[in-house]
Protein chains: 2
Amino acid sequence: MNITALEKTALSVRALSIDAIQKANSGHPGLPLGAAELGAILYGELLRHDPSDPAWADRDRFILSAGHGSMFLYSLLHLSGYRDITLDDIKSFRQIGSRAAGHPEYGMAAGIEATSGPLGQGISMAVGFAVAETMLAARFNTGAHKIVDHYTYVLAGDGCLMEGVSAEASSFAGHQGLGKLIVFYDSNKITIDGSTDLAFTEDAAKRYEAYGWQILRGSMYDFGEIAELTARAKAESGKPSLVILTSIIGKGAPNKQNTAGIHGAPLGDEEVAAARAHLGIPGDFYIAPEARDYFRAKQAEWKKIRADWQALFDAWSRENPEKRREWDQFHSGRAVPAALPSYRAGEKIATRSAGNKALTAVAEANANIVGGAADLKSPNAVGLPAEAGTWTKQNRAGRYIHFGIREFAMAAICNGISLHGGFRPFCATFMVFSDYLRPALRLSALMKQPVIYVLTHDSVFVGEDGPTHQPIEHLASLRIMPDLRTLRPADAEETAEAWAMAMERGSGPTALILSRQNLTVFPKADPNWKQNLRVGAYIVRQTGDGTPDAVIIATGSEVGLALEAAEKAGDKKLRVVSMISKELFESQPAGVRNAIVPPGTRAIVCEAGVHSGWERWAKPEDILSIDRFGESGPAAKTAEHLGFTADALLKIISR
Amino acid sequence: MNITALEKTALSVRALSIDAIQKANSGHPGLPLGAAELGAILYGELLRHDPSDPAWADRDRFILSAGHGSMFLYSLLHLSGYRDITLDDIKSFRQIGSRAAGHPEYGMAAGIEATSGPLGQGISMAVGFAVAETMLAARFNTGAHKIVDHYTYVLAGDGCLMEGVSAEASSFAGHQGLGKLIVFYDSNKITIDGSTDLAFTEDAAKRYEAYGWQILRGSMYDFGEIAELTARAKAESGKPSLVILTSIIGKGAPNKQNTAGIHGAPLGDEEVAAARAHLGIPGDFYIAPEARDYFRAKQAEWKKIRADWQALFDAWSRENPEKRREWDQFHSGRAVPAALPSYRAGEKIATRSAGNKALTAVAEANANIVGGAADLKSPNAVGLPAEAGTWTKQNRAGRYIHFGIREFAMAAICNGISLHGGFRPFCATFMVFSDYLRPALRLSALMKQPVIYVLTHDSVFVGEDGPTHQPIEHLASLRIMPDLRTLRPADAEETAEAWAMAMERGSGPTALILSRQNLTVFPKADPNWKQNLRVGAYIVRQTGDGTPDAVIIATGSEVGLALEAAEKAGDKKLRVVSMISKELFESQPAGVRNAIVPPGTRAIVCEAGVHSGWERWAKPEDILSIDRFGESGPAAKTAEHLGFTADALLKIISR
């Protein structure tokens, strides 16, 4: 270990961070200054990576959970040779067009493994990375060839550890004995409000011990110690490790270090000058020559590591052609079409149950589907075929994951599994509890990860569990999240197609909104309905010929209700449209939309949720919705109590 | 302690729960059967309460955090003499109109202290109850008279302990040394999916020890032990206590107890018969005479306790008339009007800063306002006047609360403070992180608690922090939550009024949506604008006379942008409307709405968020919105990059 080079690297991280933040007049110097030494040894010595091939499948992963310290990451990516982060990016830190955005954004530059910033989610996604590693290793490694063997490193701060999502994920990681997860805890005892003594005096080490983690302690500023602790973390294969590094926030800024003032504001000209004098930084955006030389020399070493792995991988490929084909399929990002279950019109089946049949078919065709529920395997109906097995300490090849009653961590872990590569994760809970995981769902969307969210019990038709369990505003609130695709199928046949549509979507998450109650499979007048469904809506049935008197737009279980009302409406010419995805349909060209909902024709909307968002299609008085919290009672009685019935719809139609 | 009576009470809880759930053919027998003994001793011996006066301010509180076990609560409320839960309610458990709803619903019956069911939130709200108790005690108790002196009891299950929100709240409770919080942990090792070994093998006791709690252990089925452990919990005044009671889920159902099958499904006829035989239950909805007699005899004892307190309170009132006046004010539920800050047109001030001025004024007038932020006191601008002090172990009279980086627990704790009575809590975070606390916000709304949520950094005008910190879909997603009032003031003057409106609202939560960036105070053409604002929208300015060519509806910072565009639009007759609360305005009679936005007049909408919901007022092409995630860059550049400028609005106007 070249201590001088590491020191000069740390110096350069400080210099770049100070200047980038000062120039942007915005950013968080506290972390990059306080943890620069860890960064130096991490990118120089600890990470098994090759900056010239940042997509190398067996690289170690590093996730900056404390994403506000983004200059830490950008400095090190640049110094260690990741081409995507140039000095110009750093000089235009936090400006439009710079890959050095305010917080690390996945997809912006190779080397950024995850979008972080919303606290607690980085470490939770890292758990997912570690899960995925075990899953790949169990499937593809052989006695002769260990082609999957890498670590997941995290840098987390006080904020990450205070957030509940990290508690959920860390308990899960301990339970599952994720030995290749190594979390460095930058323990500087300072948050935005001041000392952690204000709100956070728990014994975090003891808590993590209680989760089943190995606890290690040291100083942020002792390279030898960090190296030794990391070795011990790697040596413990049965437990994740929390490496608590005592640090000084903003270290190097002589007057502001160790204060809350340096957490999230530029140093200011005076303190920049003081820090430069104190640290010996000779100029703007300084990179020490020793650091440049060090990393230049490192490239060959890393390329060799990468090439050795490639040789191993090639040998493995030759000896295991079938595994290799599967590997390629796992990593292709493309789904294999499945033979979907079929149904007869008139069958009564809940779309959650139809969802399970579809999931089974899709999971049989796609061995890289993994996932589970937050302790609702049977109510959410997301069991996998028995041969898929359960992912446990003992069976890392298992595919069903028991996440526990931890919705938020579940979703964050699925983000991590997806980001890692190789798998298509799904997760499930009651739709009303999509609120619990919403912040992670937003990151799925922002990172364009094709995670599939199975959300069952999708309306007041949940019945007896009452308003705490009956979604009202959730469908509307999911639809408006950018890049999330929301699909609410109306019967078992549509559910099968919805699963296919979710699988076809290679980029961005999909929410499958499914019913608890049985729905009757209805006949489809349109022979091409499956294809037409893919624009987001299709015509289920039209009574009478020619231009309809009105179009009834419904989704999910309300399509059946619309059909019932249309039936009762007698000689009116009514067109019933199933709009499986409102936002998808609204994104279609006018021609496509007009063919389904002709402009100038009266449209009536029926959906068991808030009306908001439907005014594009119908007048307020032509929307049958539920704009209040629900009630506890049997489903039909509850709907009646809320005035949400076929008769109520009929009344609107007849008006 | 009359052991026989307690045993017969437990038997009656089992009998009522079995039958109610069987009759409803829906519900969760696992908890009421498994924890019946705790229920018996809790309602019979431990709680200091008076069922004939369930609103008694100094009663002990009990929160059933595992709300799915609602029959536990209903059985005990009925048995112990709370009049709101009749045997008929129990016989119509989970039916429309029954006060015995699927999950306990606050407001449905006296004795239900909080709505529970969404896991983890009950215990977190209980932390708020315990906070409020210390706050009242510190303000009102005197050396001679301890009029506030009660405990908060909780029954929590494995699910409650797995959820991240309980981790946040429990860490906070430990930090704050809430000695009068006593949590019974029903440790039955079974969840819906099966054994807790599937996902939850952490050492929960050690974790709570790490939080700073006292840990006690015993059996659910030993009355003497429970009494002794509770005495030890009460004796420890500096730490909350976790009393771990080993239990058997569904105890008494001989074939189904200790299985996941009994968690959430009726026993079925056969098992009902077997349980009756096993337990010695002679008939339907059986209440043992010994239990009836026991609780009948208890009433006088409880009335005496209540009367003794009343005498104490009366004596205290006589000796401390000023305190008494303050007590009444605290408990009146009414806000005292404050002298709000005023501004001059042209002043530039962020609405978050104006919010702090208003909060200061309101908090000076209303000493029962307490609250704080999730480690963002200064960024959210929610500091209180210095004399308000900070609520800490050492200063229980303090009013500012450092919640730590725990948004979800913060909101749940505020719900608890509000439910407890006496205080008007507020809490604050960045608007984008309203997603983190959304499940608690929903409970505020469902329970109609007037908690005030201060959500700052309300749009892409946040700037450099980028898409993880820029709200896009949040404003729309907040507006559609039933019973939540969303207010987005457009300048400092409106912000002062928004705080007043929030305080005037005695029922239901309010979200104050405030800007990070400076906004210019604009002149208001309408002399009655403050009054008119209270319908949700008013006319800021109209260029030209007579019927306008178009109405521009804007909110928050976009009102300034609309005024700028209207200015540039030359001789067009334009009306600019500030719609501080879309949902409030939409709830007005047609006459009120039409006076602001005349029907038939072209309306244009401008808001820095998704367009959804605005189609009621404008055609899609007349809505200037942001329907994608944001970008990291200085605010103005970001807005320009996203095409969200006065010029873009002008283009729409000129079309």
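The structure presented is a predicted model; accordingly, all values stated were derived computationally and were not measured.

**Re the overall build of chain A**
- Along chain A, the regular secondary structure elements total 25 helices and 19 strands.
- For 655 residues, the compact-globule formula gives about 26 Å, and the C-alpha radius of gyration of chain A, at 27 Å, lands near that figure.
- Here chain A holds 655 residues, and the buried ones make up 67% of them.
- For chain A, restricting intrachain contacts to residue pairs at least 6 apart in sequence, the fraction spanning at least 24 positions comes to 76%.
- Looking at chain A as shown, the accessible area adds up to about 20000 Å², and 48% of this sits on carbon and sulfur atoms.
- Positive and negative side-chain charges of chain A, numbering 69 and 74 respectively, have mean locations separated by a distance of 3 Å.

**A few points about the interface of chain B and chain A**
- Opposite the 95 residues of chain B that make contact, chain A presents 95 residues.
- Counting across the interface, chain B meets chain A through eight salt bridges.
- The interface formed by chain B and chain A contains 50 residue pairs in polar contact (both at pLDDT 80 or more).
- In terms of residue count, helix α16 (residues 434–446) of chain B provides more of the side of chain B that touches chain A than any other element does, eight residues in total.
- Residue composition of the side of chain B that touches chain A, by class: 37 nonpolar, 30 polar and 28 charged.

**Regarding the packing of aromatic side chains**
Residues and elements named next belong to chain A.
- Applying the stated criterion to the full structure yields 56 aromatic pairs over all chains.
- Between F140 and W316 the ring centres are 6.1 Å apart and the planes differ by 80°, which places this aromatic pair in the edge-to-face class. Placement of F140 in helix α6 (residues 121–140) and of W316 in helix α12 (residues 289–319) is noted, with a sequence separation of 176 residues between them.
- Exposure remark for F140: the relative accessible area of 0% places this residue in the buried category.
- Ring geometry for F426 and W499: centres 6.4 Å apart, planes at 80°, overall edge-to-face. Of this pair, F426 sits in strand β10 (residues 424–430) while W499 sits in helix α19 (residues 492–504), and the two are 73 residues apart along the sequence. Take F426 and W499: they sit in the same class, and that class is buried.
- A network of ring pairs unites the aromatic residues W56, F140, W309, F313, W316, W327, F330 and F423 as a single cluster.

**Details of the sheet that holds strand β17 (residues 574–578) of chain B**
Residues and elements named next belong to chain B.
- Overall, mixed pairing links the five strands, which are arranged β15-β17-β16-β18-β19 in an open sheet. Strand pairing shows two members of the sheet lacking a second neighbour, β15 (538–542) and β19 (623–624), which therefore form its edges.
- Packed onto the sheet, helix α20 (residues 557–568) meets β15, β16 (550–554), β17 and β18 (602–606) and runs at close to 175° relative to β17.

**Focus: the pairing of strand β6 (residues 214–219) of chain B**
All names here are of chain B.
- Across six bridges, the pairing between β6 and strand β7 (residues 241–246) is parallel. Opposite I215, over in β7, you have L242 as the bridge partner.
- As a crossover connection, the stretch from β6 through helix α10 (residues 223–235) into β7 is right-handed.

**What about the sheet that holds strand β9 (residues 369–373) of chain A?**
All names here are of chain A.
- One open sheet holds the five strands; their spatial order is β9-β10-β11-β13-β12, and the pairing between them is parallel. With one partner strand each, in any of the chains shown, β9 and β12 (485–487) form the two edges of the open sheet. Taken over all neighbouring pairs, the strand axes of this sheet differ in orientation by 20° on average, direction set aside.
- Note that β10 and strand β11 (residues 452–456) share five bridges and pair parallel. The residue of β11 that forms the bridge with F430 is T456.
- The strands touched by helix α16 (residues 407–420) within the sheet are β9, β10 and β11, with β10 carrying the most contacts at an inclination of about 170°.

**A word on the domain arrangement of chain A**
Residues and elements named next belong to chain A.
- Once the domains are mapped, chain A shows domain 1 (3–303), domain 2 (348–520) and domain 3 (536–653).
- Averaged C-alpha coordinates put domain 1 and domain 2 at centres separated by 32 Å.
- Taken together, the contact between domain 1 and domain 2 spans 30 residues of the former and 31 residues of the latter.
- Interface area for domain 1 against domain 2, summed over the two sides, is near 2700 Å², with a carbon-plus-sulfur share of 68%.
- Along the contact surface separating domain 1 from domain 2 lie zero salt bridges.
- Remark: the boundary between domain 1 and domain 2 carries eleven residue pairs in polar contact (both at pLDDT 80 or more).
- Every element with two or more residues in the side of domain 1 that touches domain 2 is listed here: α6 and α8 (164–175).
- The dominant element in the side of domain 1 that touches domain 2, judged by the number of residues it contributes, is α6, at 14 residues.
- Split into classes, the residues belonging to the side of domain 1 that touches domain 2 amount to 15 nonpolar, ten polar and five charged.

**Observations concerning the pattern of salt bridges**
- Evaluation of the coordinates by the stated rule reveals 80 salt bridges over all chains.
- Of the charged contacts in the structure, one is a salt bridge between K180 of chain A and E133 of chain A, with a shortest N-O distance of 2.9 Å. Placement of the pair is K180 of chain A in the loop between α8 and β3 (181–187) and E133 of chain A in helix α6, with a sequence separation of 47 residues.
- On the basis of relative accessibility, which here comes to 3%, the residue E133 of chain A falls in the buried class.
- The closest approach of N and O atoms between K298 of chain B and E301 of chain B, which form a salt bridge, is 3.2 Å. Separated by three residues within a single helix, K298 of chain B and E301 of chain B lie in helix α12 (residues 289–319), roughly one turn from each other.
- On the basis of relative accessible area, K298 of chain B is assigned to the buried category, the value being 7%.
- Taking relative accessible area as the criterion, E301 of chain B reaches 41% and is therefore assigned partly exposed.

**Section: the environment of Q310 of chain A**
Residues and elements named next belong to chain A.
- Tracing the chain through its elements places Q310 in helix α12.
- You can call Q310 partly exposed: its relative accessible area is 25%.
- For Q310 and D58, which are 252 residues apart along the polypeptide, the C-alpha to C-alpha distance reads 9.7 Å.
- A polar contact of 2.8 Å, which involves the side chain of Q310, links it to the side chain of R306.

**Re helix α21 (residues 557–568) of chain A**
All names here are of chain A.
- Over its twelve residues, α21 extends 18 Å from the first C-alpha to the last, a length consistent with the 16 Å expected when each residue adds 1.5 Å.
- Buried residues of α21: S557, E558, V559, L561, A562, L563, A565 and A566, and no others.
- Those residues of α21 that are buried lie in contact with β14 (518–520), β15 (538–542), β16 (550–554), β17 (574–578), β18 (602–606) and α25 (646–654).
- The positive-phi residue at the C-terminal boundary of α21 is G570, with phi of around 75°.

**So, the relation of the copies chain B and chain A**
- Mapping chain B onto chain A is achieved by rotating through 180° and translating by 0.0 Å along the same axis, at an RMSD of 0.0 Å. The two molecules are tied by a two-fold rotation axis, judged by turn and shift. Taking C-alpha positions as the reference, the residue of chain B nearest the rotation axis is G164 of chain B, at 1.9 Å.
- Counting the interface residues of chain B, we find that 100% of their copies in chain A are interface residues as well, pointing to one common contact surface.

**Looking at the side chain of T468 of chain B**
- The topology assignment puts T468 of chain B in the loop between β11 (452–456) and α17 (474–479).
- In this structure the side chain of T468 of chain B is engaged in a polar contact, spanning 2.8 Å, whose partner is the side chain of H469 of chain B.

**What about the packing of helix α6 (residues 121–140) of chain B against helix α15 (residues 407–420) of chain B?**
All names here are of chain B.
- Contact pair α6 / α15: the axes reach a minimum separation of 6 Å and the direction vectors enclose 55°. In this view, α6 runs oblique relative to α15, as classed from their interaxial angle. Between α6 and α15 lies a crossing whose hand is right-handed. Taking contact as the criterion, the partners of Q121, S124, M125, V127, G128, F129, V131, A132, E133 and L136 in α6 are, on α15, F408, A412, I413, N415, G416, I417, L419 and H420.

**A closer look at the confidence of the model for chain A**
- Within chain A, residue pLDDT values average 97, and 100% of them lie at 70 or more.
- Confidence estimates for the predicted assembly give a pTM of 0.98 and an ipTM of 0.98.

Cut-offs applied
Residues numbered from 1 in each chain as written. Chains lettered and ligands numbered in written order. Predicted model: local features only at pLDDT ≥ 70, side-chain atom pairs only at ≥ 80, totals over all residues. Heavy atoms only, no water. Helix = DSSP H or I, 4+ residues; strand = E, 2+ residues; numbered from the N terminus. Rg over C-alpha atoms; globule rule 2.2 N^0.38 Å. Buried < 20%, exposed > 50% of the residue type's maximum accessible area, 1.4 Å probe, protein only. Contact = heavy atoms within 4.5 Å. Areas by Shrake-Rupley, 256 points an atom, 1.4 Å probe, with all protein chains shown as cover. Lys, Arg positive; Asp, Glu negative; His and termini not counted. Charge placed at Lys NZ, Arg CZ, Asp CG, Glu CD. Salt bridge = Lys/Arg side-chain N within 4 Å of Asp/Glu carboxyl O. Polar contact = N/O pair within 3.5 Å; in protein donor to acceptor, adjacent residues only side chain to side chain. Nonpolar A, V, L, I, M, F, W, Y, C, P; charged D, E, K, R; others polar. Phe/Tyr/Trp six-rings, centres within 6.5 Å; stacked < 30°, edge-to-face > 60°. Pairing = 2+ DSSP bridges. Axes fitted to C-alpha atoms, helices over the stretch in contact; angles between N-to-C directions. Right-handed = clockwise from strand over helix to strand, strands pointing away. Domains from an automatic or database assignment. Buried area = accessible area lost by both parts, 1.4 Å probe. Expected span 1.5 Å × (residues − 1). Least-squares fit on C-alpha atoms with pLDDT ≥ 70 in both. Parallel < 35°, antiparallel > 145°, perpendicular 65-115°, else oblique. Left-handed = near helix turned anticlockwise from the far one by under 90°. pLDDT = per-residue confidence, 0-100.

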